[in-house]
Amino acid sequence: MGQLVNGVWLKDEPKVSKKNGSFNRKESIFRNWINDSKDNDFQPESGRYHLYVSHACPWAHRTLIFRTLKNLDSHISVDVVHPDMLEDGWNFAKNFNETTGDSVYGKKFLHEIYIQAKADVSCRVTVPVLLDKKSKKIVSNESSEIIRMFNSSFNDLTKNKLDFWPKELRTSIEPINNRIYETLNNGVYKAGFSTTQDSYDEAVTKLFETMEWLDNMLSSQRYLLGSTLTEADWRLFPTLVRFDSVYHLHFKCNHKRLIDFKHLWAYTRDLYQTGSVHKTVKLYHATRHYYYSHKSINPNQIIPMNPTIDFNEPHNRS
Ligand SMILES: N[C@@H](CCC(=O)N[C@@H](CS)C(=O)NCC(=O)O)C(=O)O
């Protein structure tokens, strides 16, 4: 892993706070917004924007889900990086199934896209990246904001009015998002990258408390907000779908498996079987990425055999 400092790529150590051994995720730095207000640089246009993703990454996965649910596939192009993220960071090698290379500029590394957008940039080089092909600028590298743009900014173009962030539910969605982000989406990383027993214990305890809370909630309702499918569900799904293949073993989140939570497991299958969402799930990228790239956790880079999980099993939820 490395990072950019003043536009220069530096190889460095993982982002663990030396003080208490806990994992600390940095804020994303590109935070522009696509909308049709007159003075905005980033207007909604077909063919103008491009997503760089990894199929391994749960944050990138959200953006692919919204791209498909909102019928943006033919309007926003996508490139898929190689799952191995080592000292040069994300790269565009094509010698792994369902990677694409950089079809826009033919670059070798994702950090080159960041430098092209801002020559003196200092940041971690993360996926997803939403690029404006017209200006070569990065619109956003923050998945939670990219999905909200996809949710509404292109509606006139696609005529798809599905709304996963409805006004009347926003104040109820926010606290659910926050708990799931802190203890589960990011919680698996906090557990996995802990370098002290205390920080691991704290992260993994909160994580399983949240899974119990969700399992209980989903015993009496179909989705997190009741009967309405919202962004809260789509922010949770990428973590759940990776749980038994990656987080359970690699990040030591092994108190229980996802499939041990009756309702949460059925809910995961329900979401998997929604529309074309199943086509966005490529767990072999995730397995390869996590076990091979995190040498501090898995120094011999052995990729485990992993369970066979049938996400197509009927879920009987309605
Ligand atoms: N806040 C970002 C986080 C994205 C993120 O951390 N992506 C990971 C992959 S799962 C990454 O690219 N990490 C590279 C690094 O931190 O150097 C988002 O939600 O978009």
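Every chain is numbered on its own, with residues counted from 1 as its sequence reads. Residues qualify for local features only when their pLDDT is at least 70, as the model is predicted, and side-chain atom pairs are given and counted only at 80 or more; totals for whole chains, interfaces and linings, by contrast, use all residues. Calculated side-chain values reflect all of the structure's heavy atoms, with hydrogen atoms and water omitted.

Remarks on the packing of helix α7 (residues 197-217) against helix α8 (residues 231-250)
The geometry of α7 relative to α8 is characterised by a closest axis approach of 14 Å and an angle of 110° between their N-to-C directions. Taken together, the axis directions place α7 and α8 in an arrangement best described as roughly perpendicular. Side by side, α7 and α8 meet where L207, F208, M211 and L214 of the first sit next to L236, L240 and F243 of the second. When grouped by side-chain class, the residues that make up the contact of α7 with α8 number seven nonpolar, no polar and no charged. In this analysis an axis means a line fitted to C-alpha atoms, helices contributing only their contacting stretch, and an angle means the value between N-to-C directions, from 0 to 180 degrees. Runs of E in the DSSP output that reach at least two residues are strands. Runs of H or I that reach at least four are helices, and both are numbered from the N terminus. Should an angle fall under 35 degrees it is taken as roughly parallel, and over 145 as roughly antiparallel, whereas 65 to 115 is taken as roughly perpendicular and any remaining angle as oblique. Whether two residues touch is decided by their heavy atoms; if any such pair falls within 4.5 Å, the residues are in contact. Charged means Asp, Glu, Lys or Arg here, nonpolar means Ala, Val, Leu, Ile, Met, Phe, Trp, Tyr, Cys or Pro, and polar covers whatever is left, Gly included.

Structural notes on the sheet that holds strand β6 (residues 138-140)
If you trace the four strands from one edge of the open sheet to the other, you get β4-β3-β5-β6, paired in mixed fashion. Of all the strands in the sheet, the pair left with one neighbour each is β4 (76-80) and β6. Strand after strand, the sheet turns through a mean of 30° between neighbouring axes, direction not considered. Docked against the sheet, helix α1 (residues 58-69) engages β3 (49-53) and β4, running at close to 140° with respect to β3. DSSP calls a pair of strands paired once it identifies at least 2 bridges connecting them.

Examining helix α10 (residues 283-293)
The buried fraction of α10 is high, at eight of 11 residues. Listed as buried for α10 are L283, H285, A286, T287, H289, Y290, Y291 and S293. On its buried side, α10 packs onto α1, β4, α6 (187-193) and α8. Residue exposure (1.4 Å probe, protein chains only): buried if accessible area is under 20% of the type maximum, exposed if over 50%, otherwise partly exposed.

Overview of the pairing of β3
A large share of β3 lies buried, amounting to five of its five residues. In this sheet, β4 lies alongside β3 in parallel orientation, the contact comprising five bridges. For L51, the partnering residue across the bridge sits in β4 and is V78. The definition of a right-handed crossover adopted here requires that, viewed with the strands pointing away, the path from the first strand over the helix to the second runs clockwise. With α1 bridging β3 and the parallel β4, this β-α-β connection has right-handed handedness. One ladder, built from four bridges, connects β3 with strand β5 (residues 129-132); its direction is antiparallel. Counterpart to H50 in the pairing with β5 is L131.

Comments concerning the nonpolar core
We call a set of buried Ala, Val, Leu, Ile, Met, Phe, Trp, Tyr and Cys residues a nonpolar core when their side-chain atoms join them within 4.5 Å. If you look at the biggest cluster of nonpolar residues, it comprises 91 residues, and the most contacted ones within it are L110, Y114, F150, M211, L224 and W234. Ranked by residues supplied to this core, first place goes to α8 with nine residues. Two domains share this core, each providing at least three of its residues, namely domain 1 (2-158) and domain 2 (167-275). When near neighbours in sequence (up to four residues on either side) are disregarded, F150 contacts L51, T63, F66, R67, K70, L72, I76 and L130. A domain assignment, automatic or from a database, supplies the domain bounds used here.

What to know about helix α2 (residues 110-117)
Residues L110, H111, I113 and Y114 constitute the buried set of α2. Buried residues of α2 fall within an arc of 155° about the axis and therefore sit on the same side. Against the buried residues of α2 lie β1 (2-5), β2 (8-11), β3, β5 and β6. This arc corresponds to the set of directions leading from the helix axis out to the C-beta atoms.

Here's the deal with the packing of α1 against α8
Relative to each other, α1 and α8 sit at 130°, their axes nearing to 9 Å. Between α1 and α8, the crossing angle belongs to the class labelled oblique. Crossing hand, α1 versus α8: right-handed. Judged by residue contacts, P58, H61, R62, I65, F66 and L69 of α1 engage E231, W234, R235, F237, P238, V241, R242 and Y247 from α8. Left-handed describes a crossing in which the near helix is turned anticlockwise from the far one by less than a right angle; the clockwise case is right-handed.

Here's the deal with the packing of aromatic side chains
When two rings of Phe, Tyr or Trp (its six-membered ring) have centres within 6.5 Å they constitute a pair, described as stacked for plane angles under 30 degrees, edge-to-face for angles over 60, and tilted for the intermediate range. Taken as a whole and judged by the stated rule, the model has 23 aromatic pairs. Ring pairs connect the aromatic residues F23, W59, Y181, Y189, F193, F208, F243, Y247, F251 and Y290, which therefore count as one cluster. Working rule: Lys NZ or Arg CZ, within 6 Å of ring centre, within 35 degrees of ring normal, means a charge sits over the ring. If you follow R148 out to its NZ or CZ, it ends over the ring of W165, 3.7 Å from the centre. When the ring centre of W213 is taken as origin, the NZ or CZ atom of R179, which lies over that ring, is 4.2 Å away.

Looking at the side chain of E145
Here E145 is to be found in helix α3 (residues 143-152). With relative accessibility at 17%, the residue E145 sits in the buried group. At 2.7 Å, the side chain of E145 forms a polar contact with the side chain of R31. Filtering out sequence-adjacent residues up to four positions away, E145 remains in contact with R31, W33 and S140. For the purposes of these results, a polar contact is taken to be a pair of N or O atoms within 3.5 Å, where, inside protein, one atom must be able to donate a hydrogen and its partner to accept one; residues adjacent in sequence count only when each atom of the pair is a side-chain atom.

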